[in-house]
Amino acid sequence: MVRLVSSQELAQHNTQEDCWVIIHGKVYDLTKFLPEHPGGIKVITRWAGQDATPSFESIHPPDIVDHYLGPEVFIGEIDKSTLSVTKVESEEEKQRRAAHAKKPALDEMLNIFDFEGVAKQVLKPDAWAYYSSGADDEITLRENHNAFHRLWLRPRVMVNVTNIDMSTTFLGTKTSIPVYISATALGRLGHPEGEVVLTRASHSEGIIQMIPTLASCSFNEMINNRGRGQAQWFQLYVNKDRKVTEKLVRNAEEKGVKALFITVDAPQLGGSLFDR
Ligand code: HEM
Ligand SMILES: Cc1cc2nc3c(=O)[nH]c(=O)nc-3n(C[C@H](O)[C@H](O)[C@H](O)COP(=O)(O)O)c2cc1C
């Protein structure tokens, strides 16, 4: 029979040396896993002795637990009758809820800066930090931004513009406009459904989605939400354990992914605001 853990017992395991957390109603002892956690120790110890589910699920798909943790770290299920249910909404949460309620309509948004302004108000601070920040001194982020200012679109005038066709092909796949959705991890930080929203949007707009290795949805969710004839690419972080990588690649190929993009600058992670 599964052991029931009370919230009082859980609360005693609240240090880096003895770290239990709740994830989806189950209590895990993550003490030994902490130094191996690719996202670092601090993000987990912040929740030591508490329920880590809200943070966990905005970053990881549920099946990651079975992939990375052995059965020995499972302690039992949390005894829900011992959890206090009164959650007081903080002032910040109230402001975010109000900002959500008065979000402008999509057709009122003219440019990316408009989206940024709204996002800053409706996202939690860690989500905003992750989406808006670049690595280290953000020199590349600024330079990428400036690069777009050096590009000019030359309007064609005195031509028939009744039917405008901006479609082209990327790596042999048709796209309605010369834009694709690049790999961006941790989609659930921004929307409860995560990257699946981008799968649907790219289908309805006829563009290509690049699936990130570190999505907060599972790979299969993004594959299963693919529309008829929709093309998806896969971004790959190469794992030290090449067998893990081989499995990911073979699975992507089997599921009809059209191209593979290998991220080569991951071995040395740039520090970001998200980690502070
Ligand atoms: C409990 C089991 C957990 C497992 C098995 C797990 C597993 C992982 C893995 C495998 C990665 C990196 C993936 C890769 O490089 O291939 C990762 C990254 C990360 N994890 Fe976890 N994690 C767990 C819990 C948590 C919790 C509780 C939090 C936060 C509350 C968290 C936050 C993060 C963050 C912030 C990253 C870095 C993502 C990035 O920088 O792109 N994880 N985790
Ligand atoms: C929030 C965010 C998350 C990202 N996540 C990933 C990722 O998981 N894997 C990856 O290879 N690149 C990732 N990138 C890099 C983008 O795919 C893209 O290459 C980069 O942002 C440069 O394009 P840009 O100048 O249009 O932003 C991420 C970028 C951002 C802003």
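No experiment lies behind these values; they were computed from the predicted model shown.

Trainee: Sorry if this is basic, but what is going on with the packing of aromatic side chains here?
Mentor: Two measures describe an aromatic ring pair: the distance that separates the ring centres and the angle between the ring planes. Counted according to the given criterion, the structure contains seven aromatic pairs. With a centroid separation of 6.3 Å and an interplanar angle of 90°, the aromatic rings of Phe170 and Tyr180 are classed as edge-to-face. Placement of Phe170 in strand 6 (residues 168–170) and of Tyr180 in the loop between strand 7 (173–175) and helix 9 (196–205) is noted, with a sequence separation of 10 residues between them. Overall, Phe170 belongs to the partly exposed group, its relative accessible area being 21%. Since its relative accessible area comes to 33%, Tyr180 is described here as partly exposed.

Trainee: Looking at this model, I keep getting lost on the site of ligand 1. Mind explaining?
Mentor: In the vicinity of ligand 1 there are 18 residues, among which Ile23, His37, Pro38, His60 and Leu214 approach most closely. The contact in question runs from a nitrogen atom of ligand 1 to an N or O atom on the side chain of His60, over 2.7 Å. At the level of secondary structure, the elements contributing two or more residues to the shell around ligand 1 comprise helix 2 (42–45), helix 3 (53–57) and helix 4 (64–68). By residue class, the composition of the shell around ligand 1 is 14 nonpolar, four polar and no charged.

Trainee: What should I look at first to understand the pattern of salt bridges in this one?
Mentor: A side chain with one charge can pair with a side chain of the opposite charge if their charged atoms come near. Using the criterion set out here, one finds eight salt bridges in the structure. Linking Arg3 and Glu9 is a salt bridge whose minimum nitrogen-to-oxygen distance equals 2.3 Å. Residue classification places Arg3 among the partly exposed residues on the basis of a relative accessible area of 39%. Using a relative accessible area of 23% as the deciding quantity, one classes Glu9 as partly exposed. Between Glu89 and Arg97 there is a salt bridge, and its shortest N-O distance comes to 2.7 Å.

Trainee: Even after reading the chapter, I still don't get the domain arrangement of the chain, so can you show me in this structure?
Mentor: Interfaces are often described in size by the accessible area the parts lose on coming together. Partitioning the chain into domains gives domain 1 (4–82) and domain 2 (162–275). Using only C-alpha atoms to locate each centre, domain 1 and domain 2 end up separated by 29 Å. The partner domain 2 presents 10 residues to the seven residues of domain 1 that form the contact. Buried surface at the junction of domain 1 and domain 2, summed over both partners, amounts to about 680 Å²; 55% is from carbon and sulfur atoms. The largest share of the area that domain 1 buries against domain 2 comes from Ser58, Ile59 and Pro61, three residues that together contribute 56% of it. Run the count over domain 1 and domain 2 and you get zero salt bridges. Remark: the boundary between domain 1 and domain 2 carries one residue pair in polar contact (both at pLDDT 80 or more). Here the residues of the side of domain 1 that touches domain 2 are counted per class, giving two nonpolar, two polar and three charged.

Parameters and conventions
Residues numbered from 1 in each chain as written. Chains lettered and ligands numbered in written order. Predicted model: local features only at pLDDT ≥ 70, side-chain atom pairs only at ≥ 80, totals over all residues. Heavy atoms only, no water. Phe/Tyr/Trp six-rings, centres within 6.5 Å; stacked < 30°, edge-to-face > 60°. Helix = DSSP H or I, 4+ residues; strand = E, 2+ residues; numbered from the N terminus. Buried < 20%, exposed > 50% of the residue type's maximum accessible area, 1.4 Å probe, protein only. Near = heavy atom within 4 Å. Polar contact = N/O pair within 3.5 Å; in protein donor to acceptor, adjacent residues only side chain to side chain. Nonpolar A, V, L, I, M, F, W, Y, C, P; charged D, E, K, R; others polar. Salt bridge = Lys/Arg side-chain N within 4 Å of Asp/Glu carboxyl O. Domains from an automatic or database assignment. Contact = heavy atoms within 4.5 Å. Buried area = accessible area lost by both parts, 1.4 Å probe.

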